[in-house]
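The lines below spell out each chain.
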Protein chains: 2
Amino acid sequence: MLEIMPVWDYSKNTPLYVQLYKYVKYQIQIGTIKPETKLPSKRKLSNYLGISQNTVKTAYEQLCAEGYIESKPRIGMFVTKLEDNLFYSVPFNNKPIKSIKSNNDFEYLIDFNSGHIDLDFFPYSTWRKLTAQSLYSDQSDLLLIGEEQGEECLRKEISKYVFESRGVKCIPEQIVIGTGTQYLMLLLCMMLGKTYSYAIENPGFHRAKYVFKDQGINVYPIPIDEDGICIEALKRSTAKVVYVTPSHQFPHGMVMPISRRLELLKWCEENCGYIIEDDYDSEFRYRGKPIPSLQGLDNKGNVIYMGTFSKSLIPSIRISYLVLPPKLSQKYKEHYKEYKQTVSKLHQNTLYRFMKEGYFSIHINKMRTLYRKKHIILLSSIEKYMKEKTEIIGSSSGLHILLKVKNGMTEEELIQSARKVKIKVYPTSVYYDGHNAKEFPLILLGFGGVKESQIEEGIRMLEEVWFNK
Amino acid sequence: MLEIMPVWDYSKNTPLYVQLYKYVKYQIQIGTIKPETKLPSKRKLSNYLGISQNTVKTAYEQLCAEGYIESKPRIGMFVTKLEDNLFYSVPFNNKPIKSIKSNNDFEYLIDFNSGHIDLDFFPYSTWRKLTAQSLYSDQSDLLLIGEEQGEECLRKEISKYVFESRGVKCIPEQIVIGTGTQYLMLLLCMMLGKTYSYAIENPGFHRAKYVFKDQGINVYPIPIDEDGICIEALKRSTAKVVYVTPSHQFPHGMVMPISRRLELLKWCEENCGYIIEDDYDSEFRYRGKPIPSLQGLDNKGNVIYMGTFSKSLIPSIRISYLVLPPKLSQKYKEHYKEYKQTVSKLHQNTLYRFMKEGYFSIHINKMRTLYRKKHIILLSSIEKYMKEKTEIIGSSSGLHILLKVKNGMTEEELIQSARKVKIKVYPTSVYYDGHNAKEFPLILLGFGGVKESQIEEGIRMLEEVWFNK
């Protein structure tokens, strides 16, 4: 039943029927009772509110008389259908909420979004089968909230996976599962403390920067060179914690070589600090020898490793994880278990079985081949159509590249002219702290979610609007 | 393939085969390469690492000689199976991680956990059907990450639901979906600011207190009386924000009457502050007239309403929501959209269809009837077995009651003696800030997840261990 709950004011002499009439009228006016809604019957409402049927009747009659509601014989009373805008206004007397709409309504033909992945090869039937199998009453336990840290069976699979794929050494007790990178960073900030400064790569992952800043932490943006974060600049800062993306610097894409990794670990040790290693898409490497994760190189327990299934599987299930060094793991257990697990237990169970039964490694291999193919198509299309007028940056791994476009246009102009041919490309200036003094703007092109057949076409069209106006 | 990634040290004169041998041996010792694992073939590993097959061969031979690995003819090299503990030790040289295990292994017969719900009546087949229907390639969009604020279709359904059931007035744009109460509170703290003090109920929901304190906020515990939080004490504090559970005070269970609600709103207005109204289980009301939510009574836009599907549906999908007043909603859109959505888009879609197609209201009605029945059985069992020796507190709504037990035992003694008959009951002292000076301890009994048939039996057995030793 539609719950109608006026607050009776016994202090005034206003009769109850008037109060009820005014209340319902107001609710209709502000749109909380919608047109064509059936109102409760007189008998029901009088029982519910503990008032007489006559009071309700009189109130309803008044509303009918004023046209707010109408009676349909033998069916009941209904709120009148009028032009939507007449009734439905914003609640309270405050300013209307300004809707900051992005260009959601604009229809792009090709979207080079770096957060997109290829969905055509997602193993729908396997995932569906595994999901449905968890939704039977004999597994009702999966409907309850699970372990704070994440399900142990899934943590076991993750610990095997990160060792085999990334050389990360850990036991399941060191893993904390959580819903996305930003939530895990919020948790981390609390565990690491907020009194000393953190360093981030500049340019770098802006969402990480926001988390640190919103937590009231002083943040040092540290420049990068061709090997990744600059150790000298890091040393000059007073930061104790550094957030890095060594497997595939975001957004520049370089892979940090061993020498720089060892320097970074040394800085960390001398500084009694921590390294947060965000390994967001290292599954997809196209060139060069594998380089072990910082966590795998670390013997002192100073590295916090972060991984996610958003790139390697699907983003919508929101499964990411931290691998904590032993001393932080202890701290987590002592207090931060008070934070309930944030990831669906059902999804955790499905993913566990997906990994356990070998589907995940099959999927990763398939996707690696697919992305390698797309990567080749992208690079050769750029070579074919705009070789001398552009420069490709960061193309040895991951699901995006940067393109330096040498036509004199600004970043915004490049994006807008691409929009004219319904192609969505992305800025990199948002990842810079302070002014980006590059001579030519850098455009970010994600290719994970673009169909093979569209990549070349997309580059051809970009060449046309960027260079042949 | 098992990825073996030694870091070559070219500075020393140690031959590569020794470095490889030492690396693999160490990985076996610390347990990252597990017993019975198949090692990559010599050819594969030499290709992978870019070293000669002979180097790999010599390293493998040394490992064989020392018994770490063994060759199975025509199959390959395998890590030797030994007693698990011999190899598998904790990584690094740090202290082993202390495992703080709760009594997870202890088998209880009856568990009066207030976080449990009745799962026997969960509509498995409907939920399974709706879930599986989303997992087809023509809906691949559901695998991507969704709107930061939560899916619009679900927010629409929630806005209808909260109005109809709780008199909450809002439009979908004011709703922010998030994974559980604590995450949403973290977001809220950032939006509201942390420079002024927050007030909480004492006793009150400890997880809310932890969030505020971990965010560095000064927290005032405010005593409660029979109507809920004490306005006078609140006025004496310098708090600007107050967190309350007016529909069913946690843990004491009283419903805040209209008069106190209006006083609280007045305090808030005079103080230019905010009220966080946590309406965690108001769906289940057994007595008295419905009282509108604080949000519904508020005309100034000072109330933030919080709701969850953890009690009314299932906890494992982790869907909670905030209803922000317009001024905060604006603030959210301006900056906090940088925080990606934390709830699974797949679950959001399933819930949307579950609500849209009317299943949710059927479910709620069924559960209300069921919990009312359990509630009656619980109260009458207490009446039957331990009437004069106990006192029931907070029994007009929700999924738990408090029981004051007058047998001279401490809270811990009551819990431990219940454990002897395999019944799990819960403390309330954890919800108090400072000393709880009550003459008799209060025990928390949740009944949502206890089977009807077990409630009376549970109370009978508790009477025996508590009063007839």
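Reading the values: the criteria
Throughout this description, residue numbers start from 1 for each chain and increase along the sequence as written. To label them, take the chains in the order written and letter them from A, then take the ligands in the order written and number them from 1. Only residues with pLDDT of at least 70 get local features here, since the model is predicted, and only at 80 or more are side-chain atom pairs given and counted; chain-wide, interface and lining totals rely on the full set of residues. As a rule here, side-chain values cover all heavy atoms of the structure and leave hydrogens and water aside. Pairing between strands is defined by DSSP: at least two bridges between the two strands are required. By definition, any uninterrupted DSSP run of H or I lasting at least four residues is a helix, any uninterrupted run of E lasting at least two residues is a strand, and each is numbered from the N terminus. Whether two residues are in contact is decided by their heavy atoms, any of which lying within 4.5 Å being enough. Only C-alpha atoms enter the line fits that serve as axes; for helices the fit covers just the stretch in contact. Angles between N-to-C directions range over 0 to 180 degrees. Copy-to-copy superposition: least squares on the C-alpha atoms, limited to residues that have pLDDT of at least 70 in both copies. When describing relative orientation, an angle under 35 degrees is termed roughly parallel and one over 145 degrees roughly antiparallel, while 65 to 115 degrees is termed roughly perpendicular and anything else oblique. Under this grouping Gly is polar, as are all residues other than the nonpolar Ala, Val, Leu, Ile, Met, Phe, Trp, Tyr, Cys and Pro and the charged Asp, Glu, Lys and Arg. Each residue is assigned to one of three classes by its accessible area relative to the maximum for its type, calculated with a 1.4 Å probe on protein chains only: buried under 20%, partly exposed between the two thresholds, exposed over 50%. Any pair of N or O atoms that falls within 3.5 Å is considered a polar contact. Within protein, one atom must be able to donate a hydrogen and the other to accept it, and sequence-neighbouring residues count only if both atoms are side-chain atoms. Salt bridge, as used here: a side-chain nitrogen of Lys or Arg that lies within 4 Å of a carboxyl oxygen of Asp or Glu.

S.K.: It is not clear to me how the sheet that holds strand S8 (residues 241-244) of chain A should be interpreted in this structure. Could you clarify?
M.R.: Either a parallel or an antiparallel arrangement is found when strands of a sheet pair, and the pairing is made through backbone hydrogen bonds. All names here are of chain A. Here we have 8 strands laid out as an open sheet, ordered S4-S11-S10-S9-S8-S5-S6-S7, and mixed in their pairing. Sheet topology places strand S4 (175-178) and strand S7 (228-229) at the edges, where each strand pairs with a single neighbour. The strands touched by helix H10 (residues 258-270) are strand S6 (219-225), S7, S8, strand S9 (274-278) and strand S10 (303-308); relative to S9, the strand with the most contacts, the crossing angle is about 140 degrees.

S.K.: I'm lost on the relation of the copies chain B and chain A in this one. Help?
M.R.: Each of the two chain copies can be brought onto the other by rotation about an axis and movement along it. Superposing chain B onto chain A takes a rotation of 180 degrees combined with a translation of 0.1 Å along the rotation axis, leaving an RMSD of 0.1 Å. What the superposition gives is, in effect, a two-fold axis relating one chain to the other. Within chain B, the C-alpha atom positioned nearest to the axis of rotation is that of Ala132(B), 3.4 Å from it. Most of the interface of chain B is mirrored in chain A: 99% of its interface residues are interface residues there too.

S.K.: Can you help me understand the packing of helix H7 (residues 180-192) of chain A against helix H7 (residues 180-192) of chain B in this one?
M.R.: Helix-helix packing is characterised by the crossing angle of the two axes and by the distance between the axes. Where H7(A) contacts H7(B), the two axes come as close as 12 Å, and the packing angle between them is 70 degrees. Put simply, H7(A) runs roughly perpendicular to H7(B). From H7(A), Tyr183(A), Leu186(A) and Met190(A) reach across to H7(B), where they touch Tyr183(B), Leu186(B) and Met190(B). Its residues assigned to classes, the contact of H7(A) with H7(B) comprises 6 nonpolar, no polar and no charged.

S.K.: How do you make sense of the sheet that holds strand S7 (residues 228-229) of chain B when you look at a structure like this?
M.R.: Residue and element names in this part refer to chain B. In spatial order, the strands read S4-S11-S10-S9-S8-S5-S6-S7; together these 8 strands make up an open sheet with mixed pairing. If you trace the sheet from one side to the other, it starts and ends with strand S4 (175-178) and S7, each paired once. Sheet topology note: the strand S5 (residues 198-202)/strand S6 (residues 219-225) ladder contains 5 bridges and is parallel. Bridged to Asn202 within S6 is Pro223. Sitting on the sheet, helix H8 (residues 206-214) is in contact with S5, S6, strand S8 (241-244) and strand S9 (274-278), with an inclination near 155 degrees to S5. Each of S6, S7, S8, S9 and strand S10 (303-308) touches helix H10 (residues 258-270); the most contacted strand, S9, lies at about 140 degrees to it.

S.K.: Before we go on, may I ask you to explain the environment of Tyr339(B) in this structure?
M.R.: Structurally, the position occupied by Tyr339(B) is in the loop between helix H12 (326-335) and helix H13 (345-356). With relative accessibility at 1%, the residue Tyr339(B) sits in the buried group. Linking Tyr339(B) and Gly273(B), residues 66 residues apart in sequence, is a C-alpha distance of 25 Å. Those residues in contact with Tyr339(B), other than ones at most four positions away along the chain, are Gln182(A), Tyr210(A), Val211(A), Asp214(A), Glu148(B), Tyr183(B), Leu187(B) and Met190(B). Side chain to side chain, Tyr339(B) and Asp214(A) meet in a polar contact 2.8 Å long.

S.K.: Would you explain the pattern of salt bridges in this entry?
M.R.: Side chains that carry opposite charge are capable of pairing whenever their charged atoms lie near each other. Residues and elements named next belong to chain A. For the structure on display, the rule yields 50 salt bridges over all chains. As a salt-bridge pair, Arg260 and Asp225 come within 3.0 Å of each other at their nearest N and O atoms. Separated by 35 residues along the polypeptide, Arg260 in helix H10 and Asp225 in strand S6 bring together distant segments of the chain. Overall, Arg260 belongs to the buried group, its relative accessible area being 9%. A salt bridge links Lys235 to Glu232; the shortest N-O distance between them is 4.0 Å. With Lys235 and Glu232 both in helix H9 (residues 231-236), this residue pair falls 3 residues apart, about one helical turn. On the accessibility criterion, Glu232 (48% relative accessible area) is partly exposed.

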